[in-house]
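Summary of structural features
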Amino acid sequence: MAPAGPLAVTYCEGWDPTSRAVVGVLPVAVAHERDRVGEQYAVLLGDLRRPYALIEVAWRQGYAGVWFFDQALRRAAKHEFRRLSDDRLFLLETVQRRYQHYGQAEFDPLAWRRTRRYGTDGDFREELEPAGEGGGLTDSGGSAPVEMLWEPVPRFGGWASLARRDRDQPAVLTLTQHPHPDASARGLTSGLPLAQRPWRPPRPLAPSNLDALFDAGTRFALPLDDEVATVRMEVRELGRLRMPTGRLVAVDPALIPHDHEPLVVSVSPGEYSVALAVARWEPPAGSGPGWGRVAAARLLVWDEPVAAWELALRPSEDPRLLGEAEFYGFGVDSGTACLVDAAAADRLHDNYVRVGLDQGIEVTDPGSGANGFVFASGWGDGCYPVWIGRTAAGEVACFVADLLVLDDATVLA
């Protein structure tokens, strides 16, 4: 329900759930400039002691999040938007929480929670967790009117439309925007350093130490449960992948009949070398070789240094829709993965076999001569990203199927 009277507008760095107060009040001019350049800031709607909503804005990341408060000044609901065009926002996700008692902490993992994630076609998946992370989950789907999910990008100061609790109702809020009277006196005329701000926009998964994975002999410290293991990298050359189309497919070989869409970025037709990065656990002194896991597979296009990495995508995937630590990748359900050209995937399906823990094999179709490389998929089943490495000139240097064995590891000197 919308409040009865006008809502004051206060610009700030964000919200502190411990003190239940805004952090770093900003002059309007500072917030306006951040809006113009895409830098993050926040907008509190309502009295500072009894706020109605908090809007987090970070246009550089195409992000806007709207939090709604309950009577205990806890953020109890959120609408998360993504800027998918210059003038329109898409409602990606809604989250609602219900707290069992007044003193329950904000974001208590045992609080009742309902999450809806929308697709741009209006279809959504809903997860209902009556006890939060305490157990029990109902997963369902449905469809919403597509027009309900889109919102005009607000001009600076025009927050009423974003701050609607019910998306299918028109905006009825009245806002009163005033600069905070003592913002300058608090020494916050330019705001807090980035590291001290109380929130940040969602960051999708970023690649970790990909170059070091293929540097034989590199050692990593890998946290595992209550201990830290030390692993040493081995590089195993598998051979050359024949690519008549230049369109790469990374896939579980058992799933090829259902999922073998090639990546958007392609290379010139030809033959390219494929290698595995194997993480070998260092054994105690005097014992035999340590056990290993395939950490990554690389298709090398140009033997030049990688200047930048980017997530490889399929045609239907939009990186602007990714949330915190999310990524697009290929699914594995048989403990194995493969790299193959799009023209050969179907032909090779019947020739694929399950491989051992840290082996890689070449599979060839006798009739066509098409080949592919199959290897164990890191820790086993799951979903794994493919990264594209580009040279300083922007050319594709390599593709790396990252099996996420060492994504939390640290390179040892």
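What counts, and where the lines are drawn
Residues numbered from 1 in each chain as written. Predicted model: local features only at pLDDT ≥ 70, side-chain atom pairs only at ≥ 80, totals over all residues. Heavy atoms only, no water. Core = buried A, V, L, I, M, F, W, Y, C linked by side-chain atoms within 4.5 Å. Buried < 20%, exposed > 50% of the residue type's maximum accessible area, 1.4 Å probe, protein only. Contact = heavy atoms within 4.5 Å. Salt bridge = Lys/Arg side-chain N within 4 Å of Asp/Glu carboxyl O. Phe/Tyr/Trp six-rings, centres within 6.5 Å; stacked < 30°, edge-to-face > 60°. Helix = DSSP H or I, 4+ residues; strand = E, 2+ residues; numbered from the N terminus. Lys NZ or Arg CZ within 6 Å of the ring centre and 35° of its normal.

The next subject is the nonpolar core. Among the nonpolar cores identified, the biggest contains 64 residues, and Tyr-11, Tyr-41, Leu-45, Trp-159, Leu-213 and Leu-406 are the most heavily contacted of them. Leave out the neighbours within four places in its chain, and Tyr-11 touches Gly-24, Val-25, Leu-26, Val-28, Ala-31, Tyr-41, Ala-42, Val-43, Phe-156, Gly-157, Trp-159 and Gln-177. Residues Leu-238, Ala-312, Phe-373 and Leu-404 belong to the second largest nonpolar core, which totals 31 residues.

Scanning all chains against the criterion turns up 25 salt bridges. In this structure, Asp-47 and Arg-49 form a salt bridge, with 3.4 Å as the shortest nitrogen-oxygen distance. For the salt bridge of Arg-82 with Glu-80, the shortest nitrogen-to-oxygen distance reads 2.5 Å. No difference in accessibility class separates Arg-82 from Glu-80, as the two residues are buried.

Turning next to the packing of aromatic side chains. Under the criterion given, the structure shown has 13 aromatic pairs. Aromatic side chains Tyr-11 and Phe-156 sit 4.9 Å apart centroid to centroid with 15° between the ring planes, which places their arrangement in the stacked category. In this pair, Tyr-11 is assigned in strand S1 (residues 7-16) and Phe-156 in the loop between strand S11 (150-152) and strand S12 (175-177), connecting sequence segments 145 residues apart. Aromatic side chains Tyr-63 and Trp-199 sit 6.0 Å apart centroid to centroid with 40° between the ring planes, which places their arrangement in the tilted category. Taken together, the residues Tyr-63 in strand S5 (residues 63-69) and Trp-199 in the loop between S12 and helix H2 (210-213) connect sequence positions 136 residues apart. There is no split in this pair, since Tyr-63 and Trp-199 are both buried. Three or more aromatic residues link up through ring pairs in this structure, and these residues are Tyr-11, Tyr-41, Phe-156 and Trp-159. Positioned over the ring face of Trp-150 is Arg-88, at 3.9 Å from the centre of the ring. Cation over ring: Arg-98 sits above Trp-112, and NZ or CZ is 4.0 Å from the ring centre.

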